[in-house]
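Here are the chains, one letter per residue:
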Amino acid sequence: MHRGAIVSGSTMPGGQLLDALVLGRGRPVFLVVMAILVLLASRSAMGVLEDESNASMKSADEVQRGVHEAFVRDFGSDEMIVATLTHPGLPGPDGLAMLADITRRIAALEGVRRATSMCNVMQVVHGPGGAEPAPLLPDPLPSGQHGASLVDSALDANPHLTGLLISADRHTAAIMAELEDREGDDGYRARIVEGLRALQS
């Protein structure tokens, strides 16, 4: 067996030139050219602006767009941001007090139409005239074991809220922030997110 340099056996047109650039003496030149191309592409990419609008996500079909516009007109925006609170005191009075405070502060953010959590959500109960809405939890919530029992009973009677507004272990609660529909204002969502982050401090 003869030892020697590895020789490419390429017979394709231009193959010998490619071998010389990639494997031969031209390799340093090839790498320099590739580095220059990468730098030029990176410089161009840095000038790309972030599109904060979600207009491109809307259907181009006129019928579907009309259905969505009718929904927004009747019910408001269908956009929502979900925040969570994990607290060892949930679902006790201390944890619920913090949850209620955060819910009110989220609802006060510019661009938020409504904020819903376990503290202000409504449930359906039997009333004199049939089914009617009522708060899930009394306000103010009684202290001590009586208040804890009321919370447990309310959650047990509304199992659909588990996984939606409260975790299965009942130590993490969700706050659902419904956004306003602001036509032409593409930056308010980012401002809401910044406002939510500010609540963490």
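What you are looking at is a predicted structure, and each value in this text was computed from that prediction instead of being measured.

**Focus on the pattern of salt bridges**
Scanning all chains against the criterion turns up 11 salt bridges. The salt bridge partner of Glu 110 is Arg 182, with a shortest N-O separation of 3.2 Å. In this pair, Glu 110 sits in the loop between helix H4 (93-107) and strand S2 (112-116) while Arg 182 sits in the loop between strand S5 (172-179) and helix H6 (188-199), placing the two residues 72 residues apart along the sequence. Exposure remark for Glu 110: the relative accessible area of 54% places this residue in the exposed category. Between Asp 156 and Arg 170 there is a salt bridge, and its shortest N-O distance comes to 2.7 Å. Here Arg 170 lies in the loop between helix H5 (144-157) and S5 and Asp 156 lies in helix H5, a separation of 14 residues in the sequence.

**Some remarks on the environment of Arg 191**
Residue position: Arg 191 is located in helix H6. Judged by its relative accessible area of 42%, Arg 191 falls in the partly exposed class. Linking Arg 191 and Glu 110, residues 81 residues apart in sequence, is a C-alpha distance of 8.2 Å. Setting aside residues no more than four positions away along its own chain, Arg 191 makes contact with Glu 110, Arg 182 and Asp 185. Reaching out from Arg 191, the side chain makes a polar contact with the side chain of Asp 185 at a distance of 2.9 Å.

**Describing the nonpolar core**
One finds Ile 106, Met 118 and Leu 136 to be the most contacted residues of the largest nonpolar core, which totals 28 residues. If you list the elements that add at least two residues to this core, you get strand S1 (80-86), H4, S2, H5, S5 and H6. A total of 5 residues in this core trace back to one element, the largest contributor, which is S5. Those residues in contact with Ile 106 that lie beyond four places of it in its chain are Ala 83, Val 112, Ala 115, Ile 175, Ala 177, Leu 196 and Leu 199.

**Details of the sheet that holds S1**
The strand order S1-S5-S2 describes an open sheet built from 3 strands, whose pairing is antiparallel. Two strands in the sheet have a free side with no partner beyond their single neighbour: S1 and S2. When strand polarity is set aside, the average angle formed by the axes of neighbouring strands in this sheet is 20°. Pairing geometry for S1 and S5, over 7 bridges, is antiparallel. When the sheet's bridge partners are listed, Thr 86 is paired in S5 with Thr 172. Packing of H4 onto the sheet brings it into contact with S1, S2 and S5, and relative to S5 it is tilted by some 15°.

**Considerations on a nonpolar patch on the surface**
Together, Val 29, Val 32, Val 33, Met 34, Ile 36, Leu 37 and Leu 40 make up an exposed nonpolar region whose accessible area comes to about 620 Å². Here Val 32 is to be found in helix H2 (residues 27-46).

**Notes on the environment of Leu 150**
Among the structural elements, Leu 150 can be located in helix H5. Residue Leu 150 is classed as partly exposed on the basis of its relative accessible area, which comes to 31%. Leu 150 sits 14 residues away from Leu 136 along the chain, and the two C-alpha atoms are 9.6 Å apart. Leave out the neighbours within four places in its chain, and Leu 150 touches Pro 138 and Pro 142.

Reading the values: the criteria
Residues numbered from 1 in each chain as written. Predicted model: local features only at pLDDT ≥ 70, side-chain atom pairs only at ≥ 80, totals over all residues. Heavy atoms only, no water. Salt bridge = Lys/Arg side-chain N within 4 Å of Asp/Glu carboxyl O. Helix = DSSP H or I, 4+ residues; strand = E, 2+ residues; numbered from the N terminus. Buried < 20%, exposed > 50% of the residue type's maximum accessible area, 1.4 Å probe, protein only. Contact = heavy atoms within 4.5 Å. Polar contact = N/O pair within 3.5 Å; in protein donor to acceptor, adjacent residues only side chain to side chain. Core = buried A, V, L, I, M, F, W, Y, C linked by side-chain atoms within 4.5 Å. Pairing = 2+ DSSP bridges. Axes fitted to C-alpha atoms, helices over the stretch in contact; angles between N-to-C directions. Patch = residues over 30% accessible without salt bridge, like charges linked within 9 Å, V, L, I, M, F, W, Y side chains within 5 Å. Areas by Shrake-Rupley, 256 points an atom, 1.4 Å probe, with all protein chains shown as cover.

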